[in-house]
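An overview of the molecular structure
Chain by chain, the residues:
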Amino acid sequence: MSLDSRQQSLIERRPPSVAHHFLSRIAETPDSEAYRFPVAVGDQGAEEWHTLTWGQTAQRVKEVAAGLMTLGIQAEDRVAIASSTRIDWVVADLGNMCAGAATTTVYPSTNAEETAFILADSGSRALFAEDAEQLAKVLARKDELPELFAVIVFDAPAELSDAEGLTVLTMAELRERGTAYLADHPKAIEEAVEALDRHQLATLIYTSGTTGRPKGVRLVHDCWAYEGIAQELSGMLRAEDVQFMWLPMSHVFGKTMLCGQIVTGHSMAVDGRVDRLVENLPIVRPTLMAAVPRIFEKVYNGIASKARAKGGVSYKIFRWAAGVAREYARTTQANEIATGRPTAPLGLRLQHALADKLVFAKVRAAFGGRMRGAVSGSAALAPEIGYFFVGAGLPVLEGYGLTETAAGSTVNREGAVRVGTVGTPLPGTEARIAEDGEILLRGPGVMSGYHNLPEQTAEVLTSDGWFHTGDIGELDSDGFLRITDRKKDMFKTSGGKYVAPSEIEGKFKAICPFVSNILVIGAQRNYCTALIGLDTTVLMPWAAENGMADKSYAEVVAAPATVDLIDGFVRKLNEELQRWQTIKKFTLLPRDLDLEHGEITPSLKIKRPVVERGYAGAIAEMYAGANEA
């Protein structure tokens, strides 16, 4: 997409790093609110939200950066963070950057073996650990980590002592060291930031890949400096926004949203506790939130489930309103494409206004009442769910990117949403489709390569900067990108027909309010089948209403009534599919897919090979006695 002269100039003149952006932000708006975060009050579980201005944030960040310097951390030294999303994560990451170090991200759910692999492969010299649990992972594997010499603990246990060859500090102790250092070297941070080069390593993010061992993606300072500018230029983020950040900061999606926040200077509420998400929304009252599709699916399923539980008129009104939302969104989108004006016939507008009063206003209130949009990424959003939220006045701005492209590559813009697409490229990013349908991306956000893996880097990065995404897609005449499927996930049936499983899975999620995860199978088979995991929060209330209140989840999914219930939705799905795509048989899983069993990634993507291996028996049973057709 072509850039205007102003955009081109701003992108070309971007600072070398987000640390430069950060120091500029402090100078411009030192007294404006930067962050909100919850703080426990007393010992009864109560909490209150505190705030930090940009000036106050700067003080913490500089103390952390200087504290790292006292430990001997130097330019491009890797300093890891193993923590959930919280204000300390933000401060630690910015402290790393301002000290010239490079952040290695580690999901707190990562087991000790893989944590040790990431720390060793990255060559991390220091680690910010959230609590005793994260510290224990390192202590158990210290012999495998010869380069690690310091750990800083956010929530330190009562007794904290050095281990052999390892200095262990609290966050407060690190900041105290930094304060003393800054007293003698008041310009140390500014000098370190000034010395940063745009091609210097800023972050190592290990892919939570759905196959094989994770690869370290090398993202330089210029990647993040560009992402921040591009998000502002795209209009995705605004200075007056209040963004709710609950995404894992260890994931590239959360990290790139932080870059945009620093550039625009808006306020960010930080709390990674997913179980408090619904409770926090009316408190934070965000104008913008980024999330993965599973969140929107759960919200939609929850709304539908409550309406179903009320029964009678309430459920009929919800179903009618949901249909109006989708029709209104489809109609206005089609007219906007055809005429440039998102119009709808008078009759539909009147229905939409009534549905808004009865249903949509309540949906928006549940999100805090101020949401102008929600950015969705990491996986495909079912179009039917996207149409519902657009029609309800909560547009989901679906975007696209990978760890290897610093997340932000394309996104739908507010006021120009095309459901079923992932929008247009961010200013400064190029997208094209290869002859085999693969999406190729090029721009400042693209990684410099995989850490210590030159051969694998060469497989995906061309000499002229194009990154091979591994995704299949299409670009329309207006530059909107549509993802068809993962190149490696598409399969061919024994009858020679190609099947895009994510397309079928997305359709089912829009139809069935009980589904949590679904995996479509059929490679080299003569028909398609599915493994289906159900959503506990929706299933169990239904079970209680249908005489199974005393049953466990496993017992409920095995019950004939539950199988019949889901079979009805599968039959409805099949009506929308080509013959070779239809689901002939399905198996309800005795438990939902989860992180603990390694079946999904921390960003909630299904690890297909792991699931297929784990349920090989169930799959074989669905094909037992199958005849070629």
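Anything mentioned here points back to the structure above.
Residues numbered from 1 in each chain as written. Predicted model: local features only at pLDDT ≥ 70, side-chain atom pairs only at ≥ 80, totals over all residues. Heavy atoms only, no water.

A few words on the overall build of the protein chain. Tallying secondary structure elements over the protein chain gives 22 helices and 26 strands in all. The principal-axis extent of the C-alpha atoms belonging to the protein chain is close to 75 × 60 × 55 Å. Relative to its full complement of 629 residues, the protein chain shows a buried share of 54%. A fraction of 65% describes how many contacts in the protein chain between residues 6 or more apart in sequence connect residues 24 or more apart. For the protein chain, the exposed surface amounts to about 26,100 Å²; the carbon and sulfur share of it is 50%. Charge separation in the protein chain, taken as the distance between the mean sites of 65 positive and 79 negative side-chain charges, equals 7 Å. (Helix = DSSP H or I, 4+ residues; strand = E, 2+ residues; numbered from the N terminus. Buried < 20%, exposed > 50% of the residue type's maximum accessible area, 1.4 Å probe, protein only. Contact = heavy atoms within 4.5 Å. Areas by Shrake-Rupley, 256 points an atom, 1.4 Å probe, with all protein chains shown as cover. Lys, Arg positive; Asp, Glu negative; His and termini not counted. Charge placed at Lys NZ, Arg CZ, Asp CG, Glu CD.)

The next thing to look at is the packing of aromatic side chains. Each aromatic ring pair is specified by the distance between its two centres and by the angle formed by the two planes. Inspection of the entire model under this criterion finds 13 aromatic pairs. Here the aromatic rings of F514 and W542 are separated by 6.0 Å at their centres, their planes lie at 75°, and the arrangement is edge-to-face. Remark: W542 occurs in helix α18 (residues 536-545) and F514 occurs in the loop between α17 (501-511) and β24 (515-521); sequence separation between them is 28 residues. Judged by its relative accessible area of 10%, W542 falls in the buried class. Three or more aromatic residues joined by ring pairs form one cluster here, namely F296, Y300, F318, F367, F388 and F389. Over the aromatic face of W224 sits the side chain of K255, whose NZ or CZ is 5.3 Å from the ring centroid. The ring centre of Y623 lies 4.2 Å from the NZ or CZ of R525, which sits over that ring. (Phe/Tyr/Trp six-rings, centres within 6.5 Å; stacked < 30°, edge-to-face > 60°. Lys NZ or Arg CZ within 6 Å of the ring centre and 35° of its normal.)

Before going further, it helps to examine the sheet that holds strand β4 (residues 102-106). Across a sheet, paired strands are connected by hydrogen bonds in the backbone, their directions being either parallel or antiparallel. Pairing is mixed across the open sheet formed by 8 strands, whose spatial order is β7-β6-β5-β3-β4-β8-β9-β19. Strands at the two margins of the open sheet, each flanked by one partner only, are β7 (167-170) and β19 (449-450). Bridge count between strand β9 (residues 216-220) and β19: 2 bridges; the pairing is antiparallel. Note that in β19 the partner of R218 across the bridge is G449. (Pairing = 2+ DSSP bridges.)

For the pair helix α13 (residues 312-339) and helix α15 (residues 383-391), interaxial distance at closest approach is 7 Å and the crossing angle is 90°. Viewed along their axes, α13 and α15 adopt a mutual orientation that is roughly perpendicular. Listed contacts from α15 to F318, A322, A325, R326, A329, R330 and Q333 of α13 are E384, Y387, F388, V390 and G391. Tallied by class, the residues present in the contact of α13 with α15 amount to 7 nonpolar, 2 polar and 3 charged. (Axes fitted to C-alpha atoms, helices over the stretch in contact; angles between N-to-C directions. Parallel < 35°, antiparallel > 145°, perpendicular 65-115°, else oblique. Nonpolar A, V, L, I, M, F, W, Y, C, P; charged D, E, K, R; others polar.)

Here we take up the pairing of strand β10 (residues 242-245). Moving residue by residue along a regular strand, the side chains alternate between the two faces of the sheet. Burial of β10 is two-sided: the residues V242 and F244 facing one way and the residues Q243 and M245 facing the other way are all buried. Across 4 bridges, the pairing between β10 and strand β11 (residues 267-270) is parallel. When the bridges of β11 are listed, Q243 appears paired with M268. Between the parallel elements β10 and β11, the chain passes through helix α10 (residues 252-264) in a crossover that is right-handed. As judged from the 2 bridges shared by β10 and strand β12 (residues 288-291), these two strands associate in the parallel manner. Note that in β12 the partner of F244 across the bridge is M289. (Right-handed = clockwise from strand over helix to strand, strands pointing away.)

Buried together is how nonpolar side chains tend to be arranged in soluble globular proteins. In terms of nonpolar packing, the biggest core is built from 134 residues, with Y35, F128 and F389 touching the most fellow members. Not counting the four nearest positions on each side in its chain, F128 is found in contact with V64, L68, V79, A80, I81, A82, A92, N96, I152, F154, M171 and L174. Core analysis: the second largest hydrophobic core is formed by 32 residues, C528, I566, F586 and L588 among them. (Core = buried A, V, L, I, M, F, W, Y, C linked by side-chain atoms within 4.5 Å.)

The subject of this paragraph is the pairing of strand β3 (residues 78-82). When you tally the buried positions in β3, you get 5 out of 5 residues, the bulk of the element. Residues R78, A80 and A82 of β3 are buried on one face, and the alternating residues V79 and I81, pointing to the opposite face, are buried as well. With 5 bridges joining them, β3 and β4 adopt parallel strand pairing. The residue of β4 that forms the bridge with R78 is A102. Note on the crossover from β3 through helix α4 (residues 87-98) to β4: the handedness is right-handed. Two strands pair when backbone bridges link them, and β3 and strand β5 (residues 126-129) are joined in this way by 4 bridges, in the parallel orientation. Across the sheet, I81 pairs through a bridge with F128, a residue of β5.

This model, assessed by the stated rule, comprises 34 salt bridges. A salt bridge links R238 to E414; the nearest nitrogen and oxygen atoms lie 3.0 Å apart. Of this pair, R238 sits in the loop between α9 (221-233) and β10 while E414 is found in the loop between β15 (410-411) and β16 (424-425), placing the two residues 176 residues apart along the sequence. Residue class for E414 comes out partly exposed when judged on its relative accessible area of 33%. Each member of the salt-bridge network shares a partner with another, and the members are E47, D271, R273, R276 and E279. (Salt bridge = Lys/Arg side-chain N within 4 Å of Asp/Glu carboxyl O.)

It is worth spelling out the side chain of R326 at this point. Here R326 is to be found in helix α13. Dropping the residues within four chain positions of it, R326 is found in contact with Y300, E384, Y387, F388 and A510.

Moving on: the sheet that holds strand β25 (residues 528-534). Spatial strand order, β24-β25-β26: 3 strands in an open sheet with mixed pairing. The open sheet terminates on both sides in strands that have one partner only, identified here as β24 and β26 (583-588). In this sheet, neighbouring strand axes are inclined to one another by 25° on average, regardless of whether the strands run parallel or antiparallel. Bridge analysis of β24 against β25 gives 6 bridges, and the strand direction is antiparallel. Its bridge partner lying in β25, I518 is registered against I532.

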